[in-house]
Amino acid sequence: MVMDSVIDAGGRPANYTEYSGNPPAEKVQKLTKIALDREGLSGCLVAGAVANFTDIHETLRGFVEGLRQVRPKPTYPIVIRRGGPKQEEAYEMLAKAAKKEDFDIHLFGPETPISVACQKMVELSEQFKVQSAKFKVNGKKQF
Amino acid sequence: MERNNFELLIISMAILVDRETRVLIQGITGRSGVQVTSELLDYGVKVVAGVTPGKGGQEVDTVPVFNSVSEAIKTVGEVDVAMVYVPPLLARTAAMEAIEAKIALIHIFVEKMPIFDVCQVLSLAAKNQVRVLGPASVGAISPGEGKIGSIGGPAPDNVFSKGPIGIISRSGGMCSELGLLITNSGFGQSTVVGIGGDLLSGTSYADLLLEFEKDSHTRAVVIFGEVGGSGEIEAAKLITDRKFTKPLIVFLAGKFAEKLPRDTSLGHAGAIVGLEATMQQKIKVLKEAGALLAENFKKIPDLIKKAIG
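Residues numbered from 1 in each chain as written. Chains lettered and ligands numbered in written order. Predicted model: local features only at pLDDT ≥ 70, side-chain atom pairs only at ≥ 80, totals over all residues. Heavy atoms only, no water.

Quick notes on the overall build of chain A
On a plain count of helices and strands, chain A comes out with five helices and three strands. Listing each helix as α and each strand as β along chain A from the N terminus yields α-α-β-α-β-α-β-α. By the compact-globule yardstick of 15 Å for 143 residues, chain A fits well, its C-alpha radius of gyration being 15 Å. Along the three orthogonal principal directions, the C-alpha set of chain A runs to about 50 × 30 × 25 Å. Here chain A holds 143 residues, and 45% of them are scored as buried. (Helix = DSSP H or I, 4+ residues; strand = E, 2+ residues; numbered from the N terminus. Rg over C-alpha atoms; globule rule 2.2 N^0.38 Å. Buried < 20%, exposed > 50% of the residue type's maximum accessible area, 1.4 Å probe, protein only.)

So, the pattern of salt bridges
Throughout the structure, instances matching the rule amount to 14 salt bridges over all chains. Linking B:Lys214 and B:Glu211 is a salt bridge whose minimum nitrogen-to-oxygen distance equals 3.7 Å. With B:Lys214 and B:Glu211 both in helix H7 (residues 205-214) and three residues apart, this pair spans about one turn of that helix. With relative accessibility at 61%, the residue B:Lys214 sits in the exposed group. We classify B:Glu211 as partly exposed; its relative accessible area is 21%. The partner of B:Glu232 in a salt bridge is B:Lys282, with the nearest N and O atoms 3.0 Å apart. With B:Glu232 in helix H8 (residues 231-240) and B:Lys282 in helix H9 (residues 279-289), this pair connects stretches of sequence that are 50 residues apart. There is no split in this pair, since B:Glu232 and B:Lys282 are both buried. If you follow the salt bridges from partner to partner, you end up with A:Glu58, A:Arg61 and A:Glu65 in one network. (Salt bridge = Lys/Arg side-chain N within 4 Å of Asp/Glu carboxyl O.)

Digging into the pairing of strand E1 (residues 22-26) of chain B
Residue and element names in this part refer to chain B. Taken across its five residues, E1 has four buried, putting it largely inside the fold. The pairing of E1 with strand E2 (residues 46-51) spans five bridges and is classified as parallel. Each residue of the ladder has a partner; that of glutamine 26, found in E2, is valine 51. Note that the unit made of E1, helix H2 (residues 31-42) and E2 has a crossover that is right-handed. (Pairing = 2+ DSSP bridges. Right-handed = clockwise from strand over helix to strand, strands pointing away.)

Remarks on helix H4 (residues 91-100) of chain B
Residues and elements named next belong to chain B. Among the residues of H4, Ala91, Ala94, Ala95, Met96, Ala98 and Ile99 are the ones counted as buried. Buried positions along H4 lie against E1, helix H3 (69-76), strand E5 (81-84), strand E6 (105-108) and helix H5 (115-127). Two residues or fewer after H4 comes lysine 102, characterised by a positive phi angle close to 60°. (Contact = heavy atoms within 4.5 Å.)

Structural notes on the sheet that holds strand E3 (residues 105-108) of chain A
The pairing of strands in a sheet happens through backbone hydrogen bonds and is either parallel or antiparallel. Residue and element names in this part refer to chain A. What the three strands build is an open sheet, ordered E1-E2-E3; its pairing is parallel. Two strands lie at the open edges of the sheet, namely strand E1 (44-50) and E3, each paired on one side alone. Between one strand axis and the next, the sheet turns through 15° on average, direction left out of account. One ladder, built from five bridges, connects E1 with strand E2 (residues 78-83); its direction is parallel. Opposite cysteine 44, over in E2, you have isoleucine 78 as the bridge partner. Lying over the sheet, helix H3 (residues 56-69) contacts E1, E2 and E3, oriented at roughly 165° with respect to E2. (Axes fitted to C-alpha atoms, helices over the stretch in contact; angles between N-to-C directions.)

A closer look at the nonpolar core
All names here are of chain B. Ranked by size, the top nonpolar core spans 85 residues in total, and within it Leu248 and Ile300 carry the most contacts. With six residues, the top contributor of residues to this core is helix H6 (residues 172-184). When residues no more than four places from it in sequence are discounted, the contact partners of isoleucine 300 are Leu178, Leu181, Ile182, Val222, Ile249, Phe251 and Ala294. Val69, Val79, Met96 and Leu124 belong to the second-largest nonpolar core, a separate cluster that totals 29 residues. (Core = buried A, V, L, I, M, F, W, Y, C linked by side-chain atoms within 4.5 Å.)

Some remarks on the interface of chain B and chain A
The interface of chain B with chain A comprises 28 residues on the first partner and 20 residues on the second. Taken as a group, B:Glu177, B:Phe256 and B:Lys298 account for 29% of the area that chain B buries against chain A, more than any other trio of residues on that side. For B:Glu177, the salt bridge goes to A:Arg81, with nearest N and O atoms at 2.6 Å. Across the contact surface, chain B and chain A share nine residue pairs in polar contact (both at pLDDT 80 or more). Within the residue set of the side of chain B that touches chain A, elements represented by two or more residues are H6 and strand E13 (248-252) of chain B. Here the side of chain B that touches chain A gets six residues from one element, more than from any other, and that element is H6(B). Considered class by class, the residues forming the side of chain B that touches chain A number 14 nonpolar, nine polar and five charged. (Buried area = accessible area lost by both parts, 1.4 Å probe. Polar contact = N/O pair within 3.5 Å; in protein donor to acceptor, adjacent residues only side chain to side chain. Nonpolar A, V, L, I, M, F, W, Y, C, P; charged D, E, K, R; others polar.)

Quick word on the packing of H8(B) against H9(B)
Each pair of packed helices can be described by the angle between their axes along with the distance between the axes. Residue and element names in this part refer to chain B. Orientation of H8 relative to H9, taken along the N-to-C sense of each, is 15°, at an axis distance of 8 Å. Compared by their axis directions, H8 and H9 come out roughly parallel. In terms of crossing hand, the pair formed by H8 and H9 is left-handed. Facing H8, whose interface residues are Glu232, Ile233, Ala236, Ile239 and Thr240, H9 presents Gln281, Lys282, Val285, Leu286 and Ala289. (Parallel < 35°, antiparallel > 145°, perpendicular 65-115°, else oblique. Left-handed = near helix turned anticlockwise from the far one by under 90°.)

A word on the side chain of B:Ser185
Residues and elements named next belong to chain B. As for its position among the elements, serine 185 is in the loop between H6 and strand E11 (189-194). Here isoleucine 182 takes part through its backbone oxygen, which lies 2.9 Å from a polar atom of the side chain of serine 185. Aside from chain neighbours lying at most four places away, what touches serine 185 is Pro301 and Lys305.

Some remarks on the packing of aromatic side chains
Following the criterion strictly, the structure yields six aromatic pairs over all chains and no others. Centroid distance A:Tyr76 to A:Phe128: 6.4 Å. Interplanar angle 90°. Geometry classified as edge-to-face. One end of the pair, A:Tyr76, is in the loop between H3 and E2; the other, A:Phe128, is in helix H5 (residues 114-138), and 52 residues separate them in sequence. Exposure class is identical for A:Tyr76 and A:Phe128. Each is buried. Seen in terms of ring centroids, B:Phe224 and B:Phe297 are 6.3 Å apart; in terms of plane orientation they differ by 75°. Their pairing is edge-to-face. With B:Phe224 in strand E12 (residues 220-225) and B:Phe297 in the loop between strand E14 (292-294) and helix H10 (300-308), this residue pair connects regions lying 73 residues apart in the sequence. (Phe/Tyr/Trp six-rings, centres within 6.5 Å; stacked < 30°, edge-to-face > 60°.)

Here you go:
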């Protein structure tokens, strides 16, 4: 469904992974490293339904730890849409991590439909591509 | 379930689980067993016993723990549902113990249960006329009435509300996602059921449609369909055969997957591209039968409105 929404919005998935059943942070960390180990990415989307029993804080903590280990450091937009147990704590942690480590993280909760978050990802990814192209031309950073 | 017909008539406003449902939890002393026990008690569910071999005599959240299912039933009386929350390799033994005790509904929450074990459990269940929900099923909730399994987690009221719509999905997350979407559009749910995403499942879309057909409070059913399997085709056949006569709304996820090589496995173990039926076949058969297909997820409430006003 996430993939359908990304494609409907005009995006092209470069890589894909998923987890289920309340995995430990380490597993999500490794998945993140593997999924983002590609050149030329223009965005990272972490989208899932409102979880029933998956600990959102634990799993997204794994995501951030994985993100920290990705080289070169991701400068592309990251969109996260999730809900479920400990979502609020998780989003607080993510906002802090984004600020501290200068990640471009955009957070959406259950009030935002998955498809809307996917559209947002594609939009941000397009903007990022335009800015990166400008950067190459001008030879200086935009922000 | 010892009730007279009169009572049944009054309280039949859901399928699989209602406020009278008596639950036994196998693996109650494990991490997820303890968690689900507290969630169910908070929701007002009658969790009457737990089973963990070797831990008889303990208590989990005031629920007495027994060494075996038969010992539990001997002490607390008959139960309607056994929930299996044991490690994957013990699930077969646990489920078989519950089947042999003739518990009417065995809910298997366990993920990664070996497929041969699932075969054995389903075959024994069929012989004993016991229903198995799962494996890898998040459970079922009849909002405001009761629930089994981990559906809705600790805060089911955030997404589910009471009303006339039945929901069936393999995915537990999508049960909640659909609950939220439908609740936000002003419709509540009669019962929401996660049937599990494994290759083999004890309860199919069709099995549940027959139950929803009988349930006087259900006015329409929404199915979250997926890649792989033939569940949607069986559901369509029930409409054609006039065995399911209420409006059926179907959303099919994973249309992109048709572009992937055949036999590619996605997410759920049973979600294998082209297995049994392709997306195109599902769409065609469902449309011909008269099911309402939601082209995108957000359109589901519009179709509900159209179907039941």
